[in-house]
Amino acid sequence: MIQIRGLYFDGQTSESRDVDLRLWGDGTIEVGTSALGVRWPLDQVRITSRIGNAPRSLFFPDGAKCETHDNDAIDAFLKTHRRDGASRWLSILERTPRYVFVALVLSVIVIYATVQFGFPALARHVAFALPASVDEAISERTLRILDQGWLKPSTLSGARQSALREKMLALSTGLAPGHTLRVKFRAGLGPNAFALPSGTIVFTDALVNLASDDRELLAVYGHEVGHVRYRHALRNLLQSSATALLVAGVTGDVTSVTGLAATLPTVLLEAGFSRGFEAEADDFAYTFLSERGIARHYFADVLERMTEKFGSDGGGYLSRHPATARRVARFRRP
């Protein structure tokens, strides 16, 4: 029999009392005071795992609990009765530096894999599962915020806007199922274009005026439609908030997603999309131009012109799109 000291809570009040714990050779645990004497079989008592020198808790079937600092005695008792496996190994791992290091490395790997692969995969699933009404709500709020702070009404003539809009939408059949593609024009932000989740694609006057051929704008349009088709804006928004992503993924609660609309302007104009998203949109633009008989070099032309005129940041557009020589060369390839 092993006797140790403990602090006893009856589970009915907040009061505690000192008690003797007797660990008997037959595998029972006795809790004893002058006013208390209860004996429980080990298989009816839940004992917490050992973590360093922190006190262990013993939970009894009647709701009572006892805490003790005598971890060694508890370990010896559990080992005798073959109940120490998990607890003993956890204690060994916790006290061995090399195991702690291995656990730390594994934790970093798991966290990296979750952020790098888990969240993007879940964001894609959630984005494609959400109804189009979510895209509309987010896009409406986003454009309203942009119009209040960054954008101004377009100075392009109504005829010019209509002509460009007709050219773009005439090539849009079946490009983004579930979305209604729209084209809008605004002033401000330098030469720029971006796609909202709903299918609204915004061109700035500076970008329109920079183009030497409307087919360059059609090429940019194809790239932006790729972002709509693959729901990049919504996926990027979800990935930027793990909490909203998990809530939407587990419960389907769309309010957690629409509440992020205020952050989308920054994502679109400053943070941009990941290289993976941009590559996917480029692939879409490549096919879009080829299938419609539009020379692919027009996309490379407008990218190079932005670089020449505005520098490496392209006056805003290229700062969000990795316009490398390799990327341009791809669209110049015969």
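Everything here concerns the structure above.
Everything numeric in this text was worked out from a predicted model, so none of it was measured.

Q: Mind showing me how you'd approach the overall build of the chain here?
A: Within the chain one finds 15 helices and 11 strands. Residue pairs in contact within the chain that sit at least 24 positions apart in sequence constitute 60% of those at least 6 positions apart. Carbon and sulfur atoms form 55% of the exposed surface of the chain, whose accessible area is close to 16,700 Å².

Q: Is there a simple way to explain the nonpolar core in this structure?
A: Across soluble globular proteins, you tend to see nonpolar side chains buried next to one another. Counting residues in hydrophobic clusters, the biggest one holds 37 residues, and the most contacted among them are F203, L207, L217, Y221 and F299. One finds W40, C66, A73 and F77 within the second-largest nonpolar core, a separate group that totals 19 residues.

Q: Just to check I follow, could you spell out helix α12 (residues 275-291) for this structure?
A: Because an α-helix packs 3.6 residues into every turn, residues spaced three or four apart end up facing the same way. Between its first and last C-alpha atoms α12 spans 24 Å; for 17 residues at 1.5 Å apiece the expected length is 24 Å, and the two agree. Looking one or two residues beyond α12, the residue adopting positive phi is G293, at roughly 70°.

Q: Before we go on, may I ask you to explain the side chain of H227 in this structure?
A: Structurally, H227 is set in helix α7 (residues 214-229). Assessed through its relative accessible area of 2%, H227 is described here as buried. A distance of 3.4 Å separates polar atoms of two side chains, one belonging to H227 and the other to E278.

Q: Quick question: what am I supposed to make of the packing of aromatic side chains here?
A: For any pair of aromatic rings, geometry is given as the distance between the ring centres together with the angle between the planes. A full pass over the atoms with the stated rule returns 5 aromatic pairs. Taking the centre distance of 6.2 Å and the plane angle of 65° together, the rings of Y221 and F288 count as edge-to-face. Here Y221, found in helix α7, pairs with F288, found in helix α12; they are 67 residues apart in sequence, far enough to count as distant. Taken individually, Y221 and F288 each receive the classification buried, so the pair is uniform in this respect. When the ring of F299 is compared with that of F331, the centres are 4.8 Å apart and the planes differ by 65°; the resulting orientation is edge-to-face. Pair noted here: F299 is in helix α13 (residues 297-310) and F331 is in helix α15 (residues 325-332), with a separation of 32 residues, a long-range link. Like F331, F299 is buried. Among the aromatic residues, ring-to-ring pairing joins Y286, F299 and F331 into one connected group. The positively charged end of R46 is found above the aromatic ring belonging to F59, 4.1 Å away from the centroid.

Q: What am I meant to see in unusual backbone geometry here?
A: Generally, phi is negative for residues other than glycine and the peptide bonds are trans, each holding for most cases. In the Ramachandran plot, L189 falls in the positive-phi region, its phi being about 70° despite a non-glycine side chain. As for its placement among the helices and strands, L189 is situated in the loop between β9 (182-187) and β10 (193-195). Residue R231 is not a glycine yet carries a positive backbone phi of 55°. Turning to its location among the elements, R231 is positioned in the loop between α7 and α8 (232-239).

Q: I tried to follow the side chain of R296 on my own but got confused; where do I start?
A: For R296, the location among the structural elements is in the loop between α12 and α13. Within the buried core, R296 has no salt-bridge partner, and the shortest N-O distance to an opposite charge, that of D283, equals 10 Å. Engagement of the side chain of R296 in a polar contact is seen with the side chain of Y286, the distance being 3.2 Å. Setting aside residues up to four positions removed in sequence, R296 forms contacts with Y286, L289, S290, F331, R333 and P334.

Q: It is not clear to me how the packing of α7 against α12 should be interpreted in this structure. Could you clarify?
A: Direction vectors running N to C along α7 and α12 enclose 125°, while the axes themselves pass 8 Å from each other. Here α7 lies oblique to α12, going by the angle between them. For the pair α7 and α12, the crossing hand works out as right-handed. Residues L218, A219, Y221, G222, H223, V225, G226, H227 and R229 of α7 lie in contact with α12, whose contacting residues are F277, E278, A281, D282, F284, A285, F288 and L289. Taken together, the residues of the contact of α7 with α12 sort by class into 10 nonpolar, 4 polar and 3 charged.

Q: I tried to follow the environment of D135 on my own but got confused; where do I start?
A: When you line up the elements, D135 lands in helix α4 (residues 132-149). Among the residues examined, D135 registers a relative accessible area of 0% and is labelled buried. For D135 and G199, which are 64 residues apart along the polypeptide, the C-alpha to C-alpha distance reads 8.4 Å. For D135, the residues in contact, after removing those within four places along its chain, are H179, P197, S198, R231 and L234. Looking at D135, its side chain comes within polar contact range of the side chain of H179, at 3.0 Å.

Q: Please clarify how the sheet that holds strand β8 (residues 152-153) should be interpreted in this entry.
A: Two modes of strand pairing occur in sheets, parallel and antiparallel, and in both the strands are linked by backbone hydrogen bonds. The sheet built from 4 strands is open, its strands ordered β8-β9-β11-β10 with mixed pairing. Strands with a single pairing partner mark the edges of an open sheet, and in this sheet they are β8 and β10. Strand direction decides the pairing type here: β9 and strand β11 (residues 200-204), joined by 5 bridges, are parallel. Directly across from R182, in β11, lies its bridge partner T200.

Parameters and conventions
- Residues numbered from 1 in each chain as written.
- Predicted model: local features only at pLDDT ≥ 70, side-chain atom pairs only at ≥ 80, totals over all residues.
- Heavy atoms only, no water.
- Helix = DSSP H or I, 4+ residues; strand = E, 2+ residues; numbered from the N terminus.
- Contact = heavy atoms within 4.5 Å.
- Areas by Shrake-Rupley, 256 points an atom, 1.4 Å probe, with all protein chains shown as cover.
- Core = buried A, V, L, I, M, F, W, Y, C linked by side-chain atoms within 4.5 Å.
- Buried < 20%, exposed > 50% of the residue type's maximum accessible area, 1.4 Å probe, protein only.
- Expected span 1.5 Å × (residues − 1).
- Polar contact = N/O pair within 3.5 Å; in protein donor to acceptor, adjacent residues only side chain to side chain.
- Phe/Tyr/Trp six-rings, centres within 6.5 Å; stacked < 30°, edge-to-face > 60°.
- Lys NZ or Arg CZ within 6 Å of the ring centre and 35° of its normal.
- Lys, Arg positive; Asp, Glu negative; His and termini not counted.
- Salt bridge = Lys/Arg side-chain N within 4 Å of Asp/Glu carboxyl O.
- Axes fitted to C-alpha atoms, helices over the stretch in contact; angles between N-to-C directions.
- Parallel < 35°, antiparallel > 145°, perpendicular 65-115°, else oblique.
- Left-handed = near helix turned anticlockwise from the far one by under 90°.
- Nonpolar A, V, L, I, M, F, W, Y, C, P; charged D, E, K, R; others polar.
- Pairing = 2+ DSSP bridges.

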